[in-house]
Amino acid sequence: MAYLLAPRLLLIMGLLVVPLFVDMYWQRVLCSAGIYALLALGFDFLAEYAGLVCLGGALFIGTGGYIAGLLNHYFHLPPLLTIPIATVAGAAFSTMVLIPCLRLRGIYFAIISFMFPLFAVFIIIALNVFGGTEGISALDTFPSIWLELYLILAAVLVSLFAIRRLVNENMGIILRGVKDNDQAVRASGISITGYKTRAVFIAALLGCFGGAYLSHLYGWLGLSLFAMDFSILPIAATVMGGMGSLVGPVLGAFILTPMSEALRGFGQLRVVLYCLILIAFMVYKPEGIMNYLERKYHQFEKWEEV
Amino acid sequence: MAGDSILQVKKLSKSFGGVQAIMNVSFELAKGQILGVIGPNGSGKTTLVNLITGFVKPDKGEVLFNGKDITALAPHKIANLGLTRTFQVMRPYHSLSAFKNLIVPLNSPRVKRSAAGKLGDMDAVAIDILEEVGFERDARVPYKVAGSLPLGYLKRLELGRCIAMRPELIICDEVFSGLSMSEITSLIPLLERLRMEGITMIMIEHRLRELFRLADKVVVLTFGQKIAEGLAEEVMNNQMVKEAYLGTETKA
């Protein structure tokens, strides 16, 4: 029992306790790490359990962020309402946009999903709507840093355990079937598009929540909500943390985001260092941190028994 | 007569680019029968399966299942009507354990409807079905990851996935190929039992001796055309069939 509980408790306590010992600046960093963790979790879920490599992170963040921000700016709804609304409506919208592409697989789906945030940016600039290139500022922010911090950390933990459970439920099994062999799933009388749509919706919920949260975190919405970072960093976090482990990507995001902040002193060189670290991981630990630790942990247990 | 027939294939044609894969093929199949489809490599047998099950859409012709036109239906809708298939190149969900492979068909609308919410523990049902197709429960084979199973079990798994659908018609695309003699002899009773249960079957096969023990009727394809249809002995004595398999005799 303790054997199973220990790693989980370690993770939960780690996420809940660490923020108490760092200063305001790093607390903010943890907040954005939380957003990336949600995206990475969604990416890992789609890629490893539904066979969809989705680079739609920026689409999710942008849609969620804009919906929450606009509701707050034009209708003066409080964050308590805008965040849930933006999460669901944003996820529904981004899923609808992606449905026609669900017939594509692998890299083709990835590229198409990568395109949509670029589209959105051009549409907003061209039509000069939703604040255009300036964005909209002076949105409501959270009353305290503690609320900011623990809201996102709670969201990360809840969605992590929810998705871990989901992948072993019937729906998760069917999705894994789609990933392994979609034709066989069709031969078993199940519509693969229906299940892929649901999977994308779930990942979009995570991303859109992150987006809505982000626009209230800074009290500002703008084109940078559609930034490529939101699509790319989750992949890096997933590679680093361990693909398919679900916990790994979350861990990866909580390592990479602060690391990226710490490297800020190097200016533009930051990206190069960042890439070097990633390459090192791919070469020396391609299985990722989490899969490695899990293997070692199980070995350790056996060794003790003998 | 039309009342008995479960499947009617009418003048089916399909070409891929310049290759005429299936040309004007028609046949009918009565409920409870086993139909063998034979023919040399590349004669269009698997294409025929794909056309009937909706994975490939025909250029011309139609397929009636229980009198209903299913030519334009999506594969999963056809499967839900009770027409299932195995794949020649096996398609297990290799990252799932064997019994979890059956969770997918057990979640199909067809099974849920016919069980009316009384399916009980799905895992237990899945393991029962696997035992039925020859997975030894005691040896814990059903719990092994499908990707690690040997060929014989994968073939059985394919059949198990079909049976889980509670089908009326199963199309077996070369279930015997690649199996050893003893594995084949252990599969035959299973197929006979399915027939006893009233399930109609189409068997695409290269193993003629074993097929003829089971089949009520045989259809022979060459270059996408049906060249013979009838009882096994009749068909094998047919001059055109001999030529298709052995080539034309040339007199020196």
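Residues numbered from 1 in each chain as written. Chains lettered and ligands numbered in written order. Predicted model: local features only at pLDDT ≥ 70, side-chain atom pairs only at ≥ 80, totals over all residues.

Chemist: Would you mind going over the overall build of chain A with me for this structure?
Modeler: In terms of regular secondary structure, chain A is built from 12 helices and 2 strands. When the elements of chain A are put in sequence order from the N terminus, they spell out α-α-α-α-α-β-α-α-α-β-α-α-α-α. On C-alpha atoms alone, chain A measures out to a radius of gyration of 19 Å, which is about the 19 Å that the 2.2 N^0.38 rule sets for 306 residues. In terms of its C-alpha atoms, chain A occupies a principal-axis envelope of roughly 65 × 55 × 35 Å. Sequence separation of at least 24 residues holds for 79% of the intrachain contacts in chain A that already meet a minimum separation of 6. (Helix = DSSP H or I, 4+ residues; strand = E, 2+ residues; numbered from the N terminus. Rg over C-alpha atoms; globule rule 2.2 N^0.38 Å. Contact = placed C-beta atoms within 7 Å.)

Chemist: What is the right way to read the nonpolar core from this model?
Modeler: In a soluble, globular protein the nonpolar side chains are often hidden away together inside. Core analysis: the biggest nonpolar cluster contains 155 residues, and A37(A), L46(A) and V250(A) have the highest contact counts within it. Not counting the four nearest positions on each side in its chain, L46(A) is found in contact with L52(A), C54(A), A199(A), V200(A) and A203(A). (Core = buried A, V, L, I, M, F, W, Y, C linked by C-beta atoms within 7 Å. Buried ≥ 20, exposed ≤ 12 C-beta atoms within 10 Å, placed from the backbone.)

Chemist: Which parts of the structure should I look at to understand the sheet that holds strand β4 (residues 60-65) of chain B?
Modeler: Where strands meet in a sheet, backbone hydrogen bonds hold them as pairs that are either parallel or antiparallel. All names here are of chain B. Spatially, the 4 strands line up as an open sheet ordered β2-β1-β4-β5, and their pairing is antiparallel. If you trace the sheet from one side to the other, it starts and ends with β2 (19-30) and β5 (68-69), each paired once. Looking at chain direction, strand β1 (residues 5-16) and β4 are connected through 5 bridges and run antiparallel. Note that in β4 the partner of L7 across the bridge is F65. Helix α1 (residues 45-52) contacts β1, β2 and β4 of the sheet and is inclined by roughly 65° relative to β2. (Pairing = 2+ DSSP bridges. Axes fitted to C-alpha atoms, helices over the stretch in contact; angles between N-to-C directions.)

Chemist: Any chance you could explain unusual backbone geometry here in plain terms?
Modeler: Trans is the prevailing form of peptide bonds, just as negative phi is the prevailing case for residues other than glycine. The phi dihedral of H76(A) is positive, around 55°, even though this residue is not glycine. A tally of 9 C-beta atoms within 10 Å means that H76(A) is categorised as exposed.

Chemist: I keep staring at the confidence of the model for chain B and nothing clicks. Help me out?
Modeler: A low pLDDT means the predicted coordinates there should not be read in detail. When pLDDT is averaged across chain B, the result is 86; 96% of the residues are at 70 or more. The ipTM value of the predicted complex is 0.84, and its pTM value is 0.87. (pLDDT = per-residue confidence, 0-100.)

Chemist: Help me understand the interface of chain A and chain B in this model?
Modeler: Reports of interface size often rely on the accessible area that becomes lost once the parts have come together. Facing 16 residues of chain A, the contacting portion of chain B comprises 24 residues. Across the side of chain A that touches chain B, the residue classes tally to 6 nonpolar, 7 polar and 3 charged. (Nonpolar A, V, L, I, M, F, W, Y, C, P; charged D, E, K, R; others polar.)

Chemist: Got a minute to help me understand the environment of R213(B) in this structure?
Modeler: Residue and element names in this part refer to chain B. Relative to the assigned elements, R213 resides in helix α9 (residues 208-214). Residue classification places R213 among the partly exposed residues on the basis of 13 C-beta atoms within 10 Å. As a C-alpha pair, R213 and A232 span 19 residues in sequence and 9.0 Å in three-dimensional space.

Chemist: Help me out: how do you make sense of helix α11 (residues 269-284) of chain A in this one?
Modeler: In an α-helix, one turn spans 3.6 residues, which is why side chains three or four residues apart end up on the same side. The end-to-end C-alpha separation of α11(A) is 23 Å, in line with the 22 Å expected for 16 residues at 1.5 Å each. Burial within α11(A) is sparse, with just 0 of its 16 residues counted as buried. (Expected span 1.5 Å × (residues − 1).)

Chemist: How should I be thinking about the pairing of strand β3 (residues 34-38) of chain B in this particular structure?
Modeler: All names here are of chain B. For β3, the buried fraction is high: 5 of the 5 residues fall into the buried class. Of the two faces of β3, the one lined by I34, G36 and I38 and the one lined by L35 and V37 are each fully buried. Direction of pairing for β3 relative to strand β8 (residues 200-204): parallel, over a ladder of 4 bridges. Across the sheet, G36 pairs through a bridge with M203, a residue of β8. For β3 and strand β9 (residues 217-222), the ladder comprises 4 bridges, and the chain directions are parallel. Residue pairing across strands places I38 opposite V220, the latter belonging to β9.

Chemist: Help me out: how do you make sense of the sheet that holds β9(B) in this one?
Modeler: Residue and element names in this part refer to chain B. If you walk across this open sheet you meet the 6 strands as β6-β7-β8-β3-β9-β10, and the pairing is mixed. One side of each edge strand has no neighbouring strand; the edge strands of this open sheet are β6 (83-85) and β10 (225-230). Taking each pair of neighbouring strands and ignoring which way they run, the sheet shows an average axis angle of 15°. Where β6 lies against strand β7 (residues 169-173), 3 bridges are found, and the strand directions are parallel. By the bridge assignment for β7, T84 is matched with I170. Contacting β3, β6, β7, β8 and β9, α1 runs over the sheet at an angle of about 150° to β7.

Chemist: Explanation requested: helix α8 (residues 192-218) of chain A in the structure shown.
Modeler: Residues and elements named next belong to chain A. End to end, α8 covers 39 Å across 27 residues, agreeing with the expected 39 Å (1.5 Å per residue, within 8%). Of all 27 residues making up α8, 21 are buried, and the element is well covered by its neighbours. Just beyond α8, the residue with positive phi is G219, at close to 65°.

Chemist: What should I look at first to understand the packing of helix α2 (residues 24-49) of chain A against α8(A) in this one?
Modeler: Geometrically, a packed helix pair is captured by the angle between its two axes and the distance between the axes. Residues and elements named next belong to chain A. Contact geometry for α2 and α8: axes closest at 9 Å, N-to-C directions at 170°. For the element pair α2 / α8, the angle class is roughly antiparallel. The segment α2 lies against α8, with C31, I35, L38, L39, L41, G42, F45 and L46 engaging A199, V200, I202, A203, L206, G207, F209, G210, Y213, L214 and L217. Residues that form the contact of α2 with α8 fall into these classes: 16 nonpolar, 3 polar and no charged. (Parallel < 35°, antiparallel > 145°, perpendicular 65-115°, else oblique.)

Chemist: When you look at the environment of A232(B) in this model, what are you seeing that I'm missing?
Modeler: Residues and elements named next belong to chain B. Along the polypeptide, A232 turns up in helix α10 (residues 232-237). As for A232 and N24, which are separated by 208 residues in sequence, their C-alpha atoms are 22 Å apart. Contacts of A232, omitting those with residues within four sequence positions, involve F212, A215 and V218.

Chemist: Explain the pairing of β4(B) here, please?
Modeler: One face of the sheet, then the other: side chains in a regular strand alternate in exactly this way. Of the strand pairs in this sheet, β4(B) and β5(B) are connected by 2 bridges, and their pairing is antiparallel. Directly across from L64(B), in β5(B), lies its bridge partner D69(B).

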